Amino acid sequence: MRKGFLLCCVFSLAASPMLHSGTQTGLREGWQLQSACKLQAAGDTIATDGFSTDGWLKTTVPSTVLAAQAAAGVFPDPYYGMNLRQIPGTTYRIGGIFANIPMAADSPYRCGWWYRTEFPSPTAAHAGERAWLHFGGINYRGEVWLNGHQIADTTKVAGAYRTYDFDVTELLKPGKNVLAVETFAPTEKDLGINWVDWNPCPPDKDMGLWGAVDLVTTGRVTLRSPLAVTHFTDSTLATAELTVYAELHNASDRAVKGTVEGTAAGVKFEQPVELAAQEDRTVAFAPEQFAQLRIRNPKTWWPRQMGEPHLERLTMSFREQGETTDEQSVDFGIREITSELTPNGSRLFRVNGKPILIRGAGWSQDMLLRTDEHRLRDQFRLVEDMNLNTIRLEGKLETEDFFHLADRDGILVMLGWCCCDHWEHWKDWTGEDLTIAAASLKSQMLRLRHHASLLVWLNGSDNAPPANVERAYLDVEAETHWPNPVLSAASSAVTAGGGLNGVKMTGPYDYVAPSYWYLDKENGGAYGFNTETSPGPAIPSLASRQRFLPDAKAWPPTATWSYHFGGGEFTNLKVFDAAMQAVYATPQSAADYERIAQTMEYDSERAMYEAYSRNKYASTGVIQWMLNNAWPSMIWHLYDYYLDAGAGYFGTKKACEPVHIQYSYDDRTIVVVNSTYERVGGLHASVHVHNAAWKELYSEEAAVDAGVDSAQIVATIPEKLYTDAERTFFIDLTLKDSAGKMVSRNFYWVPGTLTTFDWQKTDYTHTPAARHEDLTALANLPAAKVIATARLEKTARGRELRVELENPSGALAFQVSAAVRTRNGGLIAPVIWSDNWIELVPGEKRVLTALLPESGTDAPVVEIGSWNAGEQKIAIVGQ
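Summarised in this report is the structure supplied together with it. None of the values given here were measured: they were computed from a predicted structure.

## Quick notes on the overall build of the protein chain
- Looking only at helices and strands, the protein chain features 12 helices and 50 strands.
- For the protein chain, whose C-alpha radius of gyration is 28 Å, the value lies close to the compact-globule estimate of 29 Å for 879 residues.
- Structurally, the protein chain occupies a C-alpha span of about 90 × 65 × 60 Å along its principal axes.
- When contacts within the protein chain are restricted to residue pairs at least 6 apart in sequence, those whose partners lie at least 24 apart make up 72%.
- Per element, the accessible surface of the protein chain, about 30,600 Å² overall, is 49% carbon and sulfur.
- In the protein chain, 79 positive and 105 negative side-chain charges are present, and the distance between their average locations comes to 2 Å.

What follows is the structure in structure tokens.
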């Protein structure tokens, strides 16, 4: 490689899943940061020893500019209250999409910002050894300087999702080296890391070194991005054919002869290779030429719902004259993911030949792109606890640690580009934009392609790219041997390159009554594959609100509350609030509002997932928008920014449990859904229907044999019960195994007359109600009583809490919740509860368990809430 020549998109380094034969030194510590507008010097001076950095901000990398400022206390917590609005440059209107708006002329982030660090030279180089600077992500443009020499300028460093590797062999000095990078924020005409209506955008537009920076040493030939692609010869999975790839680069000015050697799942292979000076080449090993790559009786990788996510190891190296010049090792899964169109035109995915109903949610990174490995692991625990099998990334392409956890834990990942900004403003693209987009895609394909968890790549989000852009994307995907399905968009589209997508993005994103998911046949209802949809708002608990609102108990809610709603069409919760008042009650306090909101969220999230589950495989997938939030928010999450799980989380967990009994709003059927891939026989289903006074109106028993991956009707509640529009019904469902052990318990509150929808007024946000259902009787339930005790024990699972609940009264205890808090009501999270927001029938006893954080607060308490059994705070025994 010529000195100063930019080689982008060739390899991606990550500490946890990859190894290499040279050295990798993470340049994380010792960085300093300063605005270029405060400097007179240029890069040839800043990147030299002795340059004064007095007044520069100390930081680590990765870090955006604002993240560094927030960490240093330059500004108060940007996530608290309306602090973000006080940061210079936050001048766009509240709810506006800053990605599409120019920065203000006086914004401090219109300037370049310099990152500078000093590092020692690696150990004495061997003959032919090369040194590289690897940049995992620069948003958006940059100039890179080392020891006073410019390595690359803004024409070479452009694109937030590109990775860069610079050969700096000739520029390194013995002893101290100085690296300086000037970064420039994306404009409204750039392919940046952008936020749409999910949350505000930080005023720096996440500019800076958002990816890791590493110093890497190799020999003359580098080997990067090893990949093993699986194809099973038949449905028995008895033989897996592996095709193995790697990317080679000869960094020297002479031809090099050597051998590529590898081991995949314990099988060895090798072939000789000769590379011309500066040549790049993809090396391939196919089973037709390397018969040992036909693996007999392999241990396969499965999503956790389907089996064990078993990982194998792929190691590849290049050897020249007996010396290893570079080596890479990655985890991979022996698995094959395919997709097809069902008879109704829906996209169905298969893993190792078996169909899977995709039940997932949309992921967001932190708004300032901050990373925390402990928080990341906690979030994967929450995803697994809800029994979800998929995470969707719309842009926001996560760290290597994220994908490694997805591989290990058997969570599928949908990923692709973002909507609603320059990524989809193709009519405004320049030739440079297309070049950057293709290079960005190549970087990410090569970085990610080996991961077992990857389900599908989406070349567009809300819209499919035009023909020239799609062709460029498809060429990159073919060139990089992307091993999984590709769709042109997350919406319904037909393109020349991709054909019919077979997915939909038809909403809703705001509140709809639970019956919507069963009754709608044209939009977001439970048919086909809905790539993003949601019943909307998700109100955090008081304990969470106190973390980000100065007026967490305010009633009515203030402008500070609404600042933490969404953007665009979602800057208010008027649809949700109107439904609450019409269906349930008018809240008189923030506590009332939270209580009713939690019940609405439980009911609507549960219904959404249950409807799609019942209708499989006329329905083939549903992605809740969203799983989590980029900052503290009142909408679109299953757990909040602080990892506190609300009622919507438990409605989802209930709906997606492996073997499940559920009620259908459209035809009153009781359905048992088996989401496992084994027959479950000898089950017994019970159905009990009561009125508000707890008089039994109907009961039925049924023996159940749940087939593999099935949904079957086991009972139907007679229509004649639903005669009085003012009546509220309670439907108590149980499913037990042959030993009498509870397999599934589900409880519904159902109106005598369902919501009537005004289908003609449907828009992308929701379908409004022409006539709301009536559940106002819930506000006047007879008083019940709950007796609660709590004990904390140290078990093999960790700090495990056991909460015993009893309802000694003659009335139903409705929506009983339990929360672990500090003695003054402060938040403790995440807590993994076995169940929550439950009902206790008269005389019933239940036990809830919870795993507490290992480094939790001493002497926590349990707060018990309900609709009609009061609230109480109980001490925990055994602390």
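Anyway, onward from the coordinates.
## Looking at the state of the cysteines
- Under the criterion given, the structure shown has two disulfides.
- Here Cys37 is linked by a disulfide to Cys111, with a sulfur-sulfur distance of 1.8 Å. Judged by the sign of its S-S torsion, about -100°, the cystine formed by Cys37 and Cys111 is left-handed. Taken as a pair, Cys37 in the loop between strand S3 (31-35) and helix H1 (43-46) and Cys111 in the loop between helix H2 (65-71) and strand S6 (113-120) lie far apart in primary sequence, 74 residues in all.
- The residue that forms a disulfide with Cys419 is Cys420, at a sulfur-sulfur distance of 2.2 Å. Since a negative S-S torsion denotes a left-handed disulfide, the Cys419-Cys420 link at about -85° is left-handed.
- Look at Cys420 and you get partly exposed, because its relative accessible area is 26%.
- Each disulfide of the protein chain joins two cysteines, and with those cysteines numbered along the sequence the arrangement is 1-2, 3-4.
- Note on Cys201: no disulfide assigned, nearest cysteine sulfur contributed by Cys418 at a separation of 11 Å.
- When its relative accessible area of 2% is taken as the criterion, Cys201 is described as buried.
- Cysteine Cys418 is unpaired, with the sulfur of Cys419 as its nearest cysteine sulfur at 5.0 Å.
- Taking relative accessible area as the criterion, Cys418 reaches 4% and is therefore assigned buried.

## Focus: the sheet that holds strand S23 (residues 347-351)
- Strand order in the open sheet made by the three strands is S22-S23-S24, with antiparallel pairing throughout. The two strands at the open ends of the sheet, each matched to only one other strand, are strand S22 (337-341) and strand S24 (354-356). When the angles between neighbouring strand axes are averaged without regard to direction, this sheet yields 40°.

## Topic: the side chain of His451
- By the element assignment, His451 lies in the loop between helix H5 (431-448) and strand S28 (454-458).
- Overall, His451 belongs to the buried group, its relative accessible area being 1%.
- At 2.5 Å, the side chain of His451 forms a polar contact with the side chain of Asp407.

## Section: helix H4 (residues 400-409)
- Of all 10 residues that make up H4, eight are buried, and the element is covered over most of its length.
- Taken together, the buried positions of H4 are occupied by Glu400, Phe402, Phe403, His404, Leu405, Ala406, Asp407 and Asp409.

## Concerning the packing of aromatic side chains
- For the structure on display, the rule yields 53 aromatic pairs.
- Centroid distance Tyr665 to Tyr748: 6.3 Å. Interplanar angle 75°. Geometry classified as edge-to-face. With Tyr665 in the loop between strand S34 (659-663) and strand S35 (669-674) and Tyr748 in strand S40 (residues 742-751), this residue pair connects regions lying 83 residues apart in the sequence.
- Tyr665 gets classed as buried once you look at its relative accessible area, which sits at 5%.
- Taking the relative accessible area as the measure of exposure, Tyr748 reaches 0% and is therefore buried.
- Ring pairs connect the aromatic residues Tyr584, Tyr602, Trp694, Phe730, Phe747, Trp749, Phe814 and Trp867, which therefore count as one cluster.
- A cation over an aromatic ring shows up here: Arg85 above the ring of Tyr92, its NZ or CZ 5.6 Å from the ring centre.

## Section: the packing of helix H10 (residues 574-584) against helix H11 (residues 590-614)
- One way to put it is that H10 packs onto H11 with a least axis distance of 11 Å and a crossing angle of 95°. Relative to H11, the element H10 lies roughly perpendicular. For the pair H10 and H11, contact is made by Phe576, Asp577, Ala579, Met580 and Tyr584 and by Tyr593, Ile596, Ala597, Thr599, Met600, Glu601 and Asp603, respectively.
- Here the contact of H10 with H11 is composed, by residue class, of eight nonpolar, one polar and three charged.

## Here we look at the sheet that holds strand S20 (residues 312-320)
- Strand order in this open sheet of four strands is S17-S16-S20-S21, and the pairing throughout is antiparallel. One side of each edge strand has no neighbouring strand; the edge strands of this open sheet are strand S17 (267-275) and strand S21 (323-332). For this sheet, the mean angle separating the axes of adjacent strands, direction not counted, is 15°.
- Sheet topology places strand S16 (residues 256-264) next to S17; nine bridges connect them, and they run antiparallel. Note that in S17 the partner of Gly262 across the bridge is Phe269.

## Some remarks on the pairing of strand S11 (residues 176-184)
- With seven of nine residues buried, S11 lies mostly within the body of the structure.
- Inspection of the sheet shows S6 paired to S11 by eight bridges, in the antiparallel sense. Pairing of Trp114 across the sheet is with Glu182, part of S11.
- Taken together, the six bridges between strand S8 (residues 141-146) and S11 define a ladder with antiparallel strand orientation. When the sheet's bridge partners are listed, Trp145 is paired in S11 with Ala180.

Rules and cut-offs
- Here the residue index of a chain counts from 1 through its sequence in written order.
- At least 70 in pLDDT is required for a residue's local features to be given in this predicted model, at least 80 for side-chain atom pairs to be given and counted, and no such filter applies to totals for whole chains, interfaces and linings, which use all residues.
- Side-chain descriptors were evaluated using all non-hydrogen atoms of the structure, hydrogens and water having been removed beforehand.
- Secondary structure follows DSSP: runs of H or I at least 4 residues long count as helices, runs of E at least 2 residues long count as strands, and numbering of each begins at the N terminus.
- Our radius of gyration is a C-alpha quantity, and the globule rule it is checked against amounts to 2.2 Å times the number of residues to the power 0.38.
- Here, residues are in contact when the closest pair of their heavy atoms is within 4.5 Å.
- Note on areas: Shrake-Rupley, 1.4 Å probe, and residue coverage restricted to the protein chains presented here.
- This count recognises Lys and Arg as positive and Asp and Glu as negative, with His and chain-terminal groups excluded.
- All charge positions are set by atom: Lys at NZ, Arg at CZ, Asp at CG, Glu at CD.
- Here, a disulfide means two cysteine sulfur atoms that sit within 2.5 Å of each other.
- Exposed residues in this analysis have more than 50% of their type's maximum accessible area, buried residues have under 20%, and partly exposed residues fall in between, with area computed by a 1.4 Å probe over protein chains only.
- What makes two strands pair is DSSP finding at least two bridges between them.
- To obtain an axis, a line is fitted to C-alpha atoms, over the contacting stretch when the element is a helix, and the angle between two such axes runs from 0 to 180 degrees between their N-to-C directions.
- Whenever a nitrogen or oxygen atom comes within 3.5 Å of another N or O atom, the pair is scored as a polar contact, on the condition that within protein one atom can donate a hydrogen and the other can accept it, and that pairs from neighbouring residues in sequence are kept only if both atoms are in side chains.
- The criterion for an aromatic pair is that two Phe, Tyr or Trp rings (for Trp, the six-membered ring) have centres within 6.5 Å, with stacked assigned to planes under 30 degrees apart, edge-to-face to planes over 60 apart and tilted to the rest.
- Lysine NZ or arginine CZ positioned within 6 Å of the ring centre and within 35 degrees of the ring normal marks a charge as sitting over the ring.
- In these notes the angle categories are as follows: under 35 degrees is roughly parallel, over 145 is roughly antiparallel, 65 to 115 is roughly perpendicular, and the rest is oblique.
- As a working rule, the residues Ala, Val, Leu, Ile, Met, Phe, Trp, Tyr, Cys and Pro are called nonpolar, Asp, Glu, Lys and Arg charged, and the rest polar, with Gly in that last group.

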